[in-house]
Amino acid sequence: MTHTISSAYHGNSSRAIVPVDGKCLRGSYDRNQGIKALQLVTAWAAQHCLTLGQIKVEDHSNEITAIAALLELIDVTGAIVTIDAMGTQTEIVRLIRTKKADYVLALKSNHPTLHSQVKNWFDAASANNFEGITVSHDRRVEKGHHRREKRRVWAVPLSEFAGLYQQEQWLGLQSIVMVERTRHLWNKVTYEVQFYLSSLPADAHVLGNAIRTHWGIENQVHWTLDVTFNEDKSRIRSGHAPRNYAFLRRMALNALNLEKTLKRSLRQKSRRASMNNDYMMTVLKCFCQ
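Residues numbered from 1 in each chain as written. Predicted model: local features only at pLDDT ≥ 70, side-chain atom pairs only at ≥ 80, totals over all residues. Heavy atoms only, no water.

Participant: Could you clarify how one ought to interpret the overall build of the chain in this entry?
Facilitator: Counting secondary structure elements, the chain contains 8 helices and 10 strands. The C-alpha radius of gyration of the chain comes to 20 Å, within 12% of the 19 Å expected for a compact globule of 289 residues. Each of the three principal axes of the chain carries a C-alpha extent, and together these read 65 × 40 × 40 Å. The buried share among the 289 residues of the chain stands at 46%. For the chain, long-range pairs separated by at least 24 residues make up 60% of all intrachain contacts whose partners lie at least 6 apart in sequence. (Helix = DSSP H or I, 4+ residues; strand = E, 2+ residues; numbered from the N terminus. Rg over C-alpha atoms; globule rule 2.2 N^0.38 Å. Buried < 20%, exposed > 50% of the residue type's maximum accessible area, 1.4 Å probe, protein only. Contact = heavy atoms within 4.5 Å.)

Next comes the structure, spelled out in structure tokens:
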């Protein structure tokens, strides 16, 4: 069963960002029936904090198939679709481009040859401070929640690479991106480097914003569903019930995000709606507009 919640995410922005990511409902397994925990793939409209749709990862399939099926169902025309490394597949790239959208896809070791080639190229270019190379650079520092994060982004046009491994299979590929993250936590410092493939021009500011926005689906959707709606702890596991309740939670999250008059947390807003019929109607009217 597939649920498409909304496609009206474009608003006034011609470059909406649509992160696509998977989530496991850990409490939905049934050991006695031999049923594994439900896996869902969700598409999210970052600008409006709205879930666009969800689809189940079938038992004998994987997230790659589910991502493609979900993208077929929603309108992503003109958007920037961001997906983690699992969705970095040439077939998904073709689908995104066919639907007249752009992509920013994480490149990790599931493509070992291409990942190694890109990493070695950036290592050599960084050692020479990108001398003689057309490169766009962006640097950001963010503080909050007792941590400080420094991000540096380098975006390089595909033409600067002397031919990447099977690059013709990545339809519309224009730029390769390196992101360097340094996080200063209260008790430690972490450092990581990640690479991305994109059909966008090599603009580090635009690409860095899309990459950063992708993690909103983890922080504002998946984390909220677990903390506010206790999704991971739910033991609903019979028939279609886990998928249907997951759909209802996302509808509720959409409705609460759309209601702006009460300046409270989502948990407080949901409790107010459960105890106050007038406020519940206000939330529902926002959702139905």
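Participant: Could you clarify how one ought to interpret the pairing of strand β8 (residues 147–157) in this entry?
Facilitator: Regular strands place side chains that alternate from one sheet face to the opposite one. Bridge analysis of strand β7 (residues 136–144) against β8 gives 9 bridges, and the strand direction is antiparallel. Across the sheet, the residue bridging to His137 is Trp154, located in β8. Bridge count for β8 against strand β9 (residues 175–184) is 10 bridges, and the pairing is antiparallel. The partner of Trp154 across the bridge, within β9, is Met178. (Pairing = 2+ DSSP bridges.)

Participant: Please explain the packing of helix α6 (residues 241–258) against helix α7 (residues 266–275) as it appears in this structure.
Facilitator: Helix packing for two helices is described by the angle between their axes and how far apart those axes are. Here α6 crosses α7 at 100 degrees, and the two axes come no closer than 10 Å. Classified by the angle their axes make, α6 and α7 are roughly perpendicular. On α7, the residues touching Leu253, Leu256 and Asn257 of α6 are Leu266, Lys269 and Ser270. Residue composition of the contact of α6 with α7, by class: 3 nonpolar, 2 polar and 1 charged. (Axes fitted to C-alpha atoms, helices over the stretch in contact; angles between N-to-C directions. Parallel < 35°, antiparallel > 145°, perpendicular 65-115°, else oblique. Nonpolar A, V, L, I, M, F, W, Y, C, P; charged D, E, K, R; others polar.)

Participant: For this particular structure, what's the right way to read the packing of aromatic side chains?
Facilitator: Each aromatic ring pair is specified by the distance between its two centres and by the angle formed by the two planes. Per the counting criterion, the structure on display carries 6 aromatic pairs. The interplanar angle of 35 degrees and the centroid separation of 4.1 Å between the aromatic rings of Trp121 and Phe161 together place this pair among those described as tilted. One end of the pair, Trp121, is in helix α3 (residues 112–127); the other, Phe161, is in the loop between β8 and β9, and 40 residues separate them in sequence. Phe161 carries the same exposure label as Trp121, and that label is buried. Judged by centre distance (6.0 Å) and plane angle (20 degrees), the ring pair of Phe130 and Trp154 falls under stacked. Note that Phe130 is positioned in the loop between α3 and β7 and Trp154 in strand β8, a separation of 24 residues in sequence. Classification of Phe130 as buried rests on a relative accessible area of 9%. (Phe/Tyr/Trp six-rings, centres within 6.5 Å; stacked < 30°, edge-to-face > 60°.)

Participant: Help me understand the nonpolar core in this model?
Facilitator: Burial of nonpolar side chains together is a common tendency in soluble globular proteins. By size, the foremost hydrophobic cluster in this structure holds 44 residues, and its most contacted members are Leu71, Phe122 and Ile176. Among the elements that make up this core, the one with the highest residue count is α3 (5 residues). Those residues in contact with Phe122 that sit more than four places away from it in its chain are Phe130, Trp154, Val156, Phe161, Ile176, Val177, Met178 and Phe195. In terms of nonpolar packing, the next biggest core, distinct from the first, is built from 28 residues, Ala46, Ile80, Ala155 and Val177 among them. (Core = buried A, V, L, I, M, F, W, Y, C linked by side-chain atoms within 4.5 Å.)

Participant: Is there a simple way to explain the pattern of salt bridges in this structure?
Facilitator: Should their charged atoms come close, side chains of opposite charge can pair. All chains considered together, the criterion is met by 19 salt bridges. One salt bridge connects Asp226 with Lys23, and the closest N-O pair in it is separated by 3.0 Å. Residue Asp226 is located in helix α5 (residues 216–227), and its partner Lys23 is located in strand β2 (residues 17–25); the two are separated by 203 residues in the primary sequence. Lys23 sits in the buried class, given a relative accessible area of 6%. We note a salt bridge from Arg237 to Asp30, for which the minimum N-O separation is 3.8 Å. Pair noted here: Arg237 is in the loop between α5 and α6 and Asp30 is in the loop between β2 and β3 (38–45), with a separation of 207 residues, a long-range link. Taking relative accessible area as the criterion, Arg237 reaches 30% and is therefore assigned partly exposed. When salt bridges that share partners are traced, they join Lys23, Arg26, Asp226, Glu231, Asp232, Arg249 and Arg250 into one network. (Salt bridge = Lys/Arg side-chain N within 4 Å of Asp/Glu carboxyl O.)

Participant: Help me understand a positive patch on the surface in this model?
Facilitator: On the surface, a cluster of positive charge is made up of Arg139, Lys143, Arg148 and Arg152. Elements represented by at least two residues in the positive patch include exactly β7 and β8. Along the chain, Arg139 turns up in strand β7. (Patch = residues over 30% accessible without salt bridge, like charges linked within 9 Å, V, L, I, M, F, W, Y side chains within 5 Å. Areas by Shrake-Rupley, 256 points an atom, 1.4 Å probe, with all protein chains shown as cover. Lys, Arg positive; Asp, Glu negative; His and termini not counted. Charge placed at Lys NZ, Arg CZ, Asp CG, Glu CD.)

Participant: Before we go on, may I ask you to explain unusual backbone geometry in this structure?
Facilitator: Glycine aside, the phi torsion of most residues is negative, and most peptide linkages are trans. Phi at Cys49 is positive, roughly 55 degrees, even though this residue is not glycine. For Cys49, the position within the fold is in the loop between β3 and β4 (50–56).

Participant: What should I look at first to understand the environment of Leu73 in this one?
Facilitator: Structurally, the position occupied by Leu73 is in helix α1 (residues 63–73). A relative accessible area of 43% means that Leu73 is categorised as partly exposed.

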